[in-house]
Amino acid sequence: MDRSTAYNVLGLPQGAGEEEVKTAYKSMAQKYDVENYEAGPLRDDAAQKMNEINEAFDVLMSFLRTGQENTSLNANTGSYSSVGRYPAIRQLINTGRVDEALAELSALQDVSDDAEWNFLMGSVYYYKGWLDQALHYFQNAVRLAPGNREYEAALRNLQNSSQGDMNGNPYMNNDPSAAAMNCACNSCALMCCMDACCGMGRGC
Amino acid sequence: MVYFGFCTGGAPALFGYVLPLKGEMKVCEYESYRAQYCGLCKQLGQEYGVFSRFLLNYDLVLLALLADALSGQEGLLNAEGCFANPVYKRPMRHDTKGLSLASDGLVLLSYHKLRDNLQDEGFLKKCLYTLAYPFLHFPFQRAVARQPEVAKVLEKQMQRQRELEMRQCELIDEACDPTAQMCAALFATAAQTDEQRRILERLGLFAGQIVYLLDAAEDYEEDAKQNRYNVFLASGLSKPAAVEAAQKRCRMAAGEIALCYNLLELRQYKPILDNIFFLGLPAGIAAAGKKRTERKAGHGQIDSV
């Protein structure tokens, strides 16, 4: 990644300084944190985006601190270990075969007190977009295995959004991308021209 | 306000809930949104004949905006008059892929809604819909030829919807799934790449859920009176409980939409889409259960003058 691409990735103008790079990185890292996408089908997309952001940050910081460009590739491609008693079912969910996963999970006996089973049920429903069901099973999973970070992250995401949280909301906090809200699109410029010429068509 | 009453009443006005919050828009953003809205009306006329323009509502403006935001296609802007408002000319966007997709989608959706309404409406409305049906038949065939994949999904999901209504489905997640799948298929058409396709499908899925649930919350009393299926009635919730359940469920869906939206690389219209997703959508959810006429002014409605 070259420096100019790195600035683009972080949404910064060319030549922005260290503080701006850090602020932009922090806000984007929060926005694309893989935890936000836990158990969902877009997790890999977020992980890829995160890698890009990390790489851009490394490139820019090494340039800003040493004055040299460091274009080496970030080797971290975001692999996840799958732990638990249900690796095969997890694999099905990760490859999008959720109906098969659901059939297998439903066929198991005496598992409703098993935290991992509840988490996987929740994941299946989350993948399908059935969020009430997902919330119910994630709640069970956390109740049965308090302290499991994976389960807690999945539950927390849904609980937060049920309170109205929207990730990356430019109208909240001090998100620097809110500064990019200025309207500089070409169609707007065209509108202004049309307005100047004929008062939005109202009085030529 | 340019709003032809054809799609109101029993037919759920799809996407009537995913609108910008007008008061928070810059004038240029508002004009640009309206140019897309008027452009969709013109596009419908061009591609599907004058009659289809009566289908226009705020429905698929969002789809047109998203598709054009991803492709970067600006289209042509002309100041024009229109038959609803012939005196004042206003800017309208023309000939973009997004407008074309949105008009296909609108015709497909309207046809299915109309057919559905023919089955379960009162006598007067039935007469009205029967009169309208032949006018939509040819546009529909044309839209099917242009979007065969979407048409197939819609056909299948409408069938699913009828089945779960027949057995009085109580599960909210399940009840809103057919509409969600339809929107997923529609939104996927806006993609430029396979990666975008997956993201847009998921975005559409949750947008469809929100539209369905807000519509069900709004129609609660009317459905109770007419003894029609409504998921909140089927699950035995009172009106306030239904509104609360709809709001909570919609907020969760909106959170998921934000996750999808953040992964899209937009080439234009970002301020408008930010407004729609982060302000308009929550405002629509906050107004759940209220009739359109009771809602606070400034949410969505586009003035014609």
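Computed from a predicted model, the values in this text were never measured in an experiment. The residue count restarts for each chain, going from 1 along the sequence in the order it is written. Each chain is given a letter, starting from A, and each ligand a number, starting from 1, according to the order in which they appear as written. Local features in this predicted model are restricted to residues whose pLDDT is 70 or higher, and side-chain atom pairs enter the listing and the counts only when it is 80 or higher, whereas totals over whole chains, interfaces and linings include all residues. Excluding hydrogens and water, the side-chain figures rest on all heavy atoms present in the structure.

Structural notes on the overall build of chain B
Only DSSP runs of H or I with at least four residues qualify as helices, and only runs of E with at least two residues qualify as strands; both kinds are numbered from the N terminus onward. Helix and strand counts for chain B come out as 12 helices and 2 strands. The order of α-helices and β-strands along chain B, N terminus first, is α-α-β-β-α-α-α-α-α-α-α-α-α-α. We call two residues in contact when some of their heavy atoms are within 4.5 Å. Here the analysis covers contacts within chain B between residues at least 6 apart in sequence; of these, 74% occur between residues at least 24 apart. Per-residue and other accessible areas were derived by the Shrake-Rupley procedure at a 1.4 Å probe size, with only the shown protein chains allowed to occlude residues. Of the roughly 11500 Å² of accessible surface on chain B, a fraction of 56% belongs to carbon and sulfur atoms.

Observations regarding the packing of helix α7 (residues 131-144) of chain A against helix α8 (residues 149-162) of chain A
All names here are of chain A. Angles run from 0 to 180 degrees between N-to-C directions of axes, and those axes are lines fitted to C-alpha atoms, restricted for helices to the stretch in contact. Put simply, α7 and α8 touch, their axes get as near as 9 Å, and they point 140° apart. Viewed along their axes, α7 and α8 adopt a mutual orientation that is oblique. The two elements α7 and α8 meet at a crossing, and its hand is left-handed. For the pair formed by α7 and α8, the contact residues are L131, A134, L135, F138, Q139, A141 and V142 on the first element and Y151, E152, A154, L155, L158 and Q159 on the second. Along the lines of polarity and charge, the residues of the contact of α7 with α8 split into 10 nonpolar, 2 polar and 1 charged. An angle below 35 degrees is treated as roughly parallel, one above 145 as roughly antiparallel, one from 65 to 115 as roughly perpendicular, and anything else as oblique. Note on convention: near helix rotated counterclockwise from far helix by under a right angle means a left-handed crossing. Clockwise means right-handed. Polarity classes work like this: nonpolar for Ala, Val, Leu, Ile, Met, Phe, Trp, Tyr, Cys and Pro, charged for Asp, Glu, Lys and Arg, and polar for all others, with Gly in that last group.

Topic: the pairing of strand β1 (residues 76-82) of chain B
Residue and element names in this part refer to chain B. Any two strands between which DSSP finds at least two bridges are classified as paired. In this sheet, strand β2 (residues 85-94) lies alongside β1 in antiparallel orientation, the contact comprising 6 bridges. Among the inter-strand pairings, A79 is bridged to a residue of β2, identified as P91. Between β1 and β2, which follow one another and run antiparallel, lie 2 residues.

Quick look at the confidence of the model for chain B
The predictor's confidence in any single residue is recorded as pLDDT, a number from 0 to 100. Per-residue confidence for chain B gives a mean pLDDT of 86; residues scoring 70 or more make up 89%. For this predicted complex, the interface score ipTM comes out at 0.87, while the overall pTM is 0.79.

Some details on the packing of aromatic side chains
Residues and elements named next belong to chain A. Pairing of aromatic side chains here covers Phe, Tyr and the six-membered ring of Trp, requires ring centres within 6.5 Å, and sorts the geometry by plane angle: under 30 degrees stacked, over 60 edge-to-face, intermediate tilted. Within the structure shown, the criterion is met by 10 aromatic pairs over all chains. Their ring planes at 25° and their centres at 4.7 Å tell us that F119 and Y151 sit as a pair that is stacked. Placement of the pair is F119 in helix α6 (residues 115-128) and Y151 in helix α8, with a sequence separation of 32 residues. Here the two residues F119 and Y151 agree in accessibility, since each one is buried. Here the aromatic residues W117, Y125, W130 and Y137 are joined through ring pairs into a cluster of three or more. Each residue's exposure class comes from its accessible area (1.4 Å probe, protein chains only) as a fraction of the maximum for that residue type: buried when under 20%, exposed when over 50%, partly exposed otherwise.

So, the pattern of salt bridges
Between Lys or Arg on one side and Asp or Glu on the other, a salt bridge is scored when a side-chain nitrogen of the former is within 4 Å of a carboxyl oxygen of the latter. Taken as a whole and judged by the stated rule, the model has 27 salt bridges over all chains. Close ionic contact of E35 of chain A with R149 of chain A constitutes a salt bridge, the shortest N to O distance being 3.5 Å. Taken together, the residues span a long stretch of sequence, with E35 of chain A in the loop between α2 (18-31) and α3 (43-66) and R149 of chain A in helix α8 at a distance of 114 residues. The exposure class assigned to R149 of chain A is exposed, which follows from its relative accessible area of 63%. Of the charged contacts in the structure, one is a salt bridge between R160 of chain B and D177 of chain B, with a shortest N-O distance of 3.0 Å. Highlighted residues: R160 of chain B in helix α5 (residues 148-166) and D177 of chain B in helix α7 (residues 177-188), separated in sequence by 17 residues. Residue D177 of chain B is classed as buried on the basis of its relative accessible area, which comes to 4%. Within the structure, one salt-bridge network assembled from shared partners comprises D219, E222, D223, R228 and K291 of chain B.

Let's talk about the environment of L62 of chain B
Of note, L62 of chain B is situated in helix α2 (residues 61-71). Those residues in contact with L62 of chain B that sit more than four places away from it in its chain are V18, F187, L273, I276 and F277 of chain B.

What to know about the interface of chain B and chain A
At the junction of the two partners, chain B supplies 50 residues and chain A supplies 42 residues. Take the accessible area each of two parts loses on contact, using a 1.4 Å probe, and add the two losses: that sum is the buried area. Together, R202, M252 and L263 of chain B form the three largest contributors to the area buried by chain B at its contact with chain A, with a combined 15%. At the junction of chain B and chain A, the tally comes to 3 salt bridges. The shortest N-O distance in the salt bridge between K49 of chain A and E265 of chain B comes to 2.9 Å. Contacts described as polar in this section are N or O atom pairs within 3.5 Å, which, within protein, must combine one atom able to donate a hydrogen with one able to accept it, while residues neighboring in sequence count only if both atoms come from side chains. On inspection of chain B and its partner chain A, the count reaches 16 residue pairs in polar contact (both at pLDDT 80 or more). Only α1 (27-48), β1, β2, α6 (172-175), α8 (194-218), α11 (239-262) and α12 (270-286) of chain B provide two or more residues apiece to the side of chain B that touches chain A.

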